[in-house]
Amino acid sequence: MNHTTSAAAPQRTAAPAPAPGAGRSGFPRRSVLAVLVCWLLVVFDGYDLIVYGTVQGSLISDTGWGLTKATAGTIGSMAFIGMMIGAVFAGRMSDSWGRRRTIIGCAVVFSLFTILCAFAPNAPVFGGLRLLAGIGLGGLVPSANALVAELVPEKWRSTIATLMMSGVPIGGSIAALVGIPLIPAFGWPVMFLVAVVALVVVIPLGIRYLPETLAPGSKGAAQGSTAKDAVGFGSLLRAPYLGTSLLFAIGTLVTLFAWYGLGTWLPNLMQLAGYNLGSALTFALALNLGAVAGSVLTAWAGTRFGPIPTAIAAAAVAAIGLLVLVTGPPVAVVYLMLVLAGVGTHGTQCLIIAAVASHYPAHLRGTALGWALGVGRIGAVAAPQAGGLLLAAGLGVNSNFLAFAGAAAAAAVLLAAVGTKIKKSTAVGVSNV
């Protein structure tokens, strides 16, 4: 479902024509390789985000750093503060300097600083390294999505954007799976050394296979406008985009609050509920596998019914699943509800990204994705801190599930407002033709 207002329609650039040798889908083979490399980078992005949740209990109990639940939440927020910075500036940079250079630069940054986390001597250094790694993490996703949107045929854009984001929960699932045997055997630092694989394998693949699609003065710039006007936040935050941009950003904020709140605190919450570390990590695995399934399911549904209506349904499913957890259901139901929470929270975020990539013209796409994800990272920053403060206040495990359920419900309401606004603007554009 591609919604673009009539004012913006003349600025849209055509999707790249299929290259010689393209398959039946219309994908040039080199574009397929580039999309796969972007997906692999997103997998490591997801691993790096969820890995803190897998080691949080160990950092509190085994390091001697004197961490409490509240201070552990603060450290958990540091990566998301970095992501907020990285998303805003890298999205803007990818529109100005080019997608390829921005993606590779962000991947190098998050890999190096993630590796260094394994050698942190104390909590302040560890938190600082997480912040610096977060800058690379935050910049990668909007830049990679903007690149992929320009490499695939337009009819596949929403589906591929959603499927590519399956890399985030797949990376999270890998973090939970490898954490079960590795943390007891080798300690928490080994979890951060996995980023060596991204540094020595995936980034060289990116250097070889990622093309450059947009740079200053390129054809992607709006005709009749300066490059500065074409890619600036000023263009994004005025008519006809202002209202939709704000709604997308706030919708992303509450969605990421729910998703990263769960990702950061779920293993620790389940340990507090009486489960051992291995069982707690299997609950995290259920959440992330649900998110993987949600990526596939919402990719299909988003293409069939449109990204916005599907995102509304996904957010509602997440809210319901989290509310059921508050009732203290049997273990089998807990697993099912966490799968649904993964489907709903991550699926909603994937669909928001697909909707943003489809709604804005090419010269604003990176900036719009960076804006939505950058503002949205405020929710990711707040979630670990809020979870820790709720527990420190003695409000119990259910206080976290209620907070995350409320955020998912708010996302459904905000996305309904986005859908209404886009329909109205489309109707006005058609009536003016």
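Just so it is clear, the structure is predicted and the values come from calculations on it, not from any experiment.

What counts as what
- Residue positions are counted from 1 within each chain, in the order its sequence is given.
- Totals for whole chains, interfaces and linings use all residues, but because this is a predicted model, local features are given only for residues with pLDDT of at least 70 and pairs of side-chain atoms are given and counted only at 80 or more.
- As a rule here, side-chain values come from all non-hydrogen atoms in the structure, and water together with hydrogens is ignored.
- Going along the chain from the N terminus, every DSSP run of H or I of four or more residues is numbered as a helix, and every run of E of two or more is numbered as a strand.
- Think of it in three bands: with a 1.4 Å probe and only protein chains considered, a residue is buried below 20% of the maximum accessible area for its type, exposed above 50%, and partly exposed in between.
- Should any heavy atoms of two residues lie within 4.5 Å, those residues are counted as being in contact.
- For every accessible area listed, the method is Shrake-Rupley and the probe measures 1.4 Å; residues are considered covered only by the protein chains on display.
- Using protein atoms alone on a 1 Å grid, points that fit a 1.4 Å probe yet trap it form a cavity, whereas open point sets bounded by protein on both sides within 12 Å along at least five of seven lines form a pocket; residues with an atom within 4 Å of a point count as lining.
- Grid points are joined across faces, edges and corners, and a volume is the space filled by probe spheres set on the points.
- Only Asp, Glu, Lys and Arg are considered charged in this grouping, and only Ala, Val, Leu, Ile, Met, Phe, Trp, Tyr, Cys and Pro are considered nonpolar; every other residue, Gly among them, is considered polar.
- Between the rings of Phe, Tyr and Trp (Trp by its six-membered ring), a pair exists once the centres lie within 6.5 Å; its type follows the angle of the planes, with under 30 degrees stacked, over 60 edge-to-face, and the other angles tilted.
- By definition here, a salt bridge exists when the distance from a side-chain nitrogen of Lys or Arg to a carboxyl oxygen of Asp or Glu is within 4 Å.

Provide a residue-level description of the overall build of the protein chain, including the pertinent values.
Assigned secondary structure in the protein chain consists of 16 helices and zero strands. Counting every position in the protein chain, which comprises 433 residues, the buried fraction comes to 56%. For the protein chain, the share of sequence-separated contacts (at least 6 apart) that also reach a separation of at least 24 residues comes to 85%. Put simply, the protein chain shows about 15700 Å² of open surface, and 72% of that area lies on carbon and sulfur atoms.

Account for the layout of surface pockets, naming residues and giving values.
If you add up the space inside the second largest pocket, you get close to 180 Å³. Within the residue set of the lining of the second largest pocket, elements represented by two or more residues are helix 13 (307–326) and helix 16 (397–431). For the lining of the second largest pocket, the element with the highest residue contribution is helix 16, accounting for three residues. Taken together, the residues that form the lining of the second largest pocket break down as nine nonpolar, two polar and no charged.

Tell me about the packing of aromatic side chains, residues and numbers included.
By convention here, two paired aromatic rings are described through the distance between centres and the angle between planes. Applying the stated criterion to the full structure yields 10 aromatic pairs. A ring pair is formed by Trp 259 and Tyr 260, whose centres lie 6.3 Å apart and whose planes are at 55°; its orientation type is tilted. The same class applies to Trp 259 and to Tyr 260, which are both buried. The interplanar angle of 90° and the centroid separation of 6.0 Å between the aromatic rings of Trp 300 and Phe 305 together place this pair among those described as edge-to-face. Connected via pairs of aromatic rings, a cluster forms that spans Tyr 52, Trp 65, Phe 126, Trp 188 and Phe 192.

Outline empty space enclosed by the protein, supporting the account with residue identities and numerical values.
One pass over the full model with this rule turns up four cavities of 30 Å³ or more. One number sums up the size of the largest cavity: a volume of about 70 Å³. Lining the largest cavity are 13 residues, and of these Met 165, Val 168, Tyr 260, Gln 349 and Arg 377 lie nearest its centre. Within the residue set of the lining of the largest cavity, elements represented by two or more residues are helix 1 (29–62), helix 11 (242–272), helix 14 (331–359) and helix 15 (362–392). Its residues assigned to classes, the lining of the largest cavity comprises nine nonpolar, two polar and two charged.

Residues and numbers for the pattern of salt bridges, please.
One pass over the full model with this rule turns up one salt bridge. Among the ionic pairs, Arg 130 bridges to Asp 48, the shortest N-O distance being 3.0 Å. Taken as a pair, Arg 130 in helix 4 (residues 123–151) and Asp 48 in helix 1 lie far apart in primary sequence, 82 residues in all. Across the pair, exposure class does not vary: Arg 130 and Asp 48 are buried alike.

An account of the side chain of Thr 310 is needed here, citing residue identities and associated values.
Inspection of the secondary structure assignment puts Thr 310 in helix 13. A residue is classified by how much of its surface remains accessible, and Thr 310, at 9% relative accessible area, is buried. Other than its neighbours up to four places away in sequence, Thr 310 contacts Thr 298, Ala 301, Gly 302, Phe 305 and Leu 351.

These figures come from the coordinates and say nothing about function on their own.
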